[in-house]
Amino acid sequence: MAEMTSPDAVAGRIVEELGVTLATVTIAVGVRSGLWTALAGAGPLGPEELAERTGVAPVLAREWCRTQVAGGYLRLAGGPDERYVLPDEVSAVLVHGPLGGLVDAAMTMMAATGERFDEFTAAFAAGRGFGWAERADGHAHGVDMFTRAALAPGFLAAAVRACGPGVADALDAGGALLDVGCGYGAPTLTLAEEFPAAAVTGCDFHDASIVAARKAAAEAGLAQRVRFEVATATQAPAVTGGYALVVFVDSLHDLGDPAGALARARELLGPGGAVLLVEPRAADRVVDNLNPVGRMFYAVSTMFCTPTAVAQGGPDAGTGAGATPLGTLAGPAALTRVAAQAGLSRVRELPVEAPFNLVLELRP
């Protein structure tokens, strides 16, 4: 990112930031109102035609389109009438790819934070965390949306089958699997469908998320085989014989005591069992994360993940010592260090295609 060398450059950057922030909201508006879908593959369309296809008032469609042209997502078709074209490459990402869903999910989380923004900023300024119970109800739903959009089809199954000898075979033969910090249960149910013989458990400290997960299991016809329990990561439920696999899907960095959570996971493993750790892909040095993806995740960490972790009050949470929360972009060195503290000294990055995630197998 270019260095700002004058007050005018700073002012220009802030104006640019305001434009990007507000325009991002309009991307989510387009997802929910169907404007992106209406434009996909349709060739040049004017505001009136968009109104007919979506129900959005022509004047609102016009202003929305102008915003997207300014951002480079639409282009003017030319000619005497004001008509707009959605390029195929934008359609591939926003309509047919995952990023439209990610933007919508992030907007849902931002809206929930906005509902209690005064409380959030007061907590932030006072040096304390901001837990899930303090956030508006829509936050947990937004996190679930983000998880669903971010996980590529088949990704988790491939990660489990890439684990060392015995893990997938044990699950195929009826072994037990635990998903720690399961939220609404999307990853848990995905794994249950991939391993129909396995006994699957999900746990989360957030009561409302467990209620939603149980409902999702019932709707998927999996309630008889998948159980969800309210439990913190350091008090995750045990099973007779131990688990063949304990998974953390983008949840470890949300915990106030990540080393304690991994230590509990190690205690719960059966013979030959492993821990599967899925975290946002990051470099170890801050300077190497100064790119668009890193910028997004550092913001996510500041607003959502790290305040959640600090609110849990793990040993020395937020003080810079001991079991300090990891932050969303922890990097492999920090994750390996925490795993070693928990007695999981064998760490291996798994060879699965995951552009946004670092996938590690941990063993004692």
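Further up the page is the structure itself.
Residues numbered from 1 in each chain as written. Predicted model: local features only at pLDDT ≥ 70, side-chain atom pairs only at ≥ 80, totals over all residues. Heavy atoms only, no water.

**Student:** Before we go on, may I ask you to explain the overall build of the chain in this structure?
**Tutor:** Counting its regular elements, the chain contains 15 helices and 9 strands. Whereas a compact globule of 364 residues would reach a radius of gyration of roughly 21 Å, the chain reaches 22 Å, a difference of no more than 12%. Along the three orthogonal principal directions, the C-alpha set of the chain runs to about 75 × 50 × 35 Å. In the chain, which comprises 364 residues, the share counted as buried stands at 47%. Within the chain, contacts between residues at least 6 apart in sequence are counted, and of these 66% link residues at least 24 apart. A total of about 17,100 Å² of accessible surface is found on the chain, and carbon and sulfur atoms cover 57% of it. In the chain, 25 positive and 39 negative side-chain charges are present, and the distance between their average locations comes to 4 Å. (Helix = DSSP H or I, 4+ residues; strand = E, 2+ residues; numbered from the N terminus. Rg over C-alpha atoms; globule rule 2.2 N^0.38 Å. Buried < 20%, exposed > 50% of the residue type's maximum accessible area, 1.4 Å probe, protein only. Contact = heavy atoms within 4.5 Å. Areas by Shrake-Rupley, 256 points an atom, 1.4 Å probe, with all protein chains shown as cover. Lys, Arg positive; Asp, Glu negative; His and termini not counted. Charge placed at Lys NZ, Arg CZ, Asp CG, Glu CD.)

**Student:** Help me understand the nonpolar core in this model?
**Tutor:** Nonpolar side chains in soluble globular proteins generally cluster together in the buried interior. By size, the foremost hydrophobic cluster in this structure holds 35 residues, and its most contacted members are F155, V160, L171, F228, L245, L276 and V359. Residue assignment for this core shows that the elements contributing at least two residues are α9 (155–161), α10 (167–172), α11 (186–194), α12 (207–219), β5 (226–230), β6 (243–249) and β7 (269–280). The residues touching L276, leaving out its near neighbours within four places in the chain, are A159, V160, C163, L245, V246, V247, F248, L350, V359 and L360. Counting residues in hydrophobic clusters, the runner-up holds 32 residues, among them C203, F248, L335 and L344. (Core = buried A, V, L, I, M, F, W, Y, C linked by side-chain atoms within 4.5 Å.)

**Student:** Please clarify how unusual backbone geometry should be interpreted in this entry.
**Tutor:** When glycine is set aside, most residues are seen to have a negative phi, and most peptide bonds are trans. Although it is not a glycine, D250 adopts a positive phi angle of roughly 50°. Topologically, D250 is positioned in the loop between β6 and α13 (258–268). The exposure class assigned to D250 is partly exposed, which follows from its relative accessible area of 25%.

**Student:** Quick question: what am I supposed to make of the packing of helix α3 (residues 47–54) against helix α4 (residues 58–71) here?
**Tutor:** Helix packing geometry: the angle between the two helix axes and the distance between the axes. Two numbers describe how α3 lies on α4: the axes approach to 8 Å, and their chain directions differ by 115°. It follows that α3 is roughly perpendicular to α4 by the angle criterion. Here α3 runs over α4; the crossing is right-handed. Taken together, the residues of α4 that come into contact with α3 (itself represented by P47, E48, L50 and A51) are P58, A61, R62 and C65. (Axes fitted to C-alpha atoms, helices over the stretch in contact; angles between N-to-C directions. Parallel < 35°, antiparallel > 145°, perpendicular 65-115°, else oblique. Left-handed = near helix turned anticlockwise from the far one by under 90°.)

**Student:** Is there a simple way to think about the packing of aromatic side chains in this case?
**Tutor:** Under the definition given, this model contains 5 aromatic pairs. Centroid distance W36 to Y73: 6.4 Å. Interplanar angle 85°. Geometry classified as edge-to-face. Here Y73 lies in the loop between α4 and β1 (75–76) and W36 lies in helix α2 (residues 35–39), a separation of 37 residues in the sequence. Aromatic pair W132 and F205: ring centres 6.4 Å apart, planes at 75°, arrangement edge-to-face. On the criterion of sequence distance, the pair formed by W132 in the loop between α7 (117–125) and α8 (138–150) and F205 in the loop between β4 (199–204) and α12 is long-range, its members being 73 residues apart. Judged by relative accessible area, which is 16%, W132 ranks as buried. (Phe/Tyr/Trp six-rings, centres within 6.5 Å; stacked < 30°, edge-to-face > 60°.)

**Student:** Would you take a moment to explain the pairing of β4 for this structure?
**Tutor:** Note on strand geometry: in a regular strand, side chains alternate between the two faces of the sheet. Most of β4 is tucked away: 5 of the 6 residues are buried. Chirality of the crossover, the property in question, places the unit of strand β3 (residues 176–180), α11 and β4 among those that are right-handed. Here β4 runs beside β5; their pairing, made up of 5 bridges, is parallel. Directly across from V200, in β5, lies its bridge partner V226. (Right-handed = clockwise from strand over helix to strand, strands pointing away. Pairing = 2+ DSSP bridges.)

**Student:** Could you clarify how one ought to interpret the side chain of D204 in this entry?
**Tutor:** Tracing the chain through its elements places D204 in strand β4. R214 is the oppositely charged side chain nearest to the buried, salt-bridge-free D204, at an N-O distance of 11 Å. Polar contacts involving the side chain of D204 include one to the main-chain amide nitrogen of H206, which spans 2.9 Å. Dropping the residues within four chain positions of it, D204 is found in contact with G181, C182, G183, I210, E229, V230 and A231. (Salt bridge = Lys/Arg side-chain N within 4 Å of Asp/Glu carboxyl O. Polar contact = N/O pair within 3.5 Å; in protein donor to acceptor, adjacent residues only side chain to side chain.)

**Student:** Looking at this model, I keep getting lost on the pattern of salt bridges. Mind explaining?
**Tutor:** Oppositely charged side chains can pair when the atoms bearing their charge come close. Tallying each qualifying case throughout the model produces 16 salt bridges. We note a salt bridge from E17 to R295, for which the minimum N-O separation is 2.2 Å. Residue E17 is located in helix α1 (residues 7–33), and its partner R295 is located in helix α14 (residues 292–311); the two are separated by 278 residues in the primary sequence. Its relative accessible area of 42% is what places R295 among the partly exposed residues. Between R62 and E63 there is a salt bridge whose closest N-O contact spans 2.7 Å. Classification of E63 by relative accessible area gives partly exposed; the value is 35%. One network of salt bridges, in which partners are shared, links R62, E63, R66 and E82.

**Student:** How should I be thinking about α1 in this particular structure?
**Tutor:** Taking 1.5 Å of rise per residue, the 27 residues of α1 would be expected to cover 39 Å, and the 39 Å separating its terminal C-alpha atoms lies within 8% of that figure. Looking at α1, one finds that the buried residues are R13, T26, I27, A28 and G30. Of the surrounding secondary structure, the elements contacted by the buried residues of α1 are α2, α4, α5 (88–94) and α6 (99–115). (Expected span 1.5 Å × (residues − 1).)

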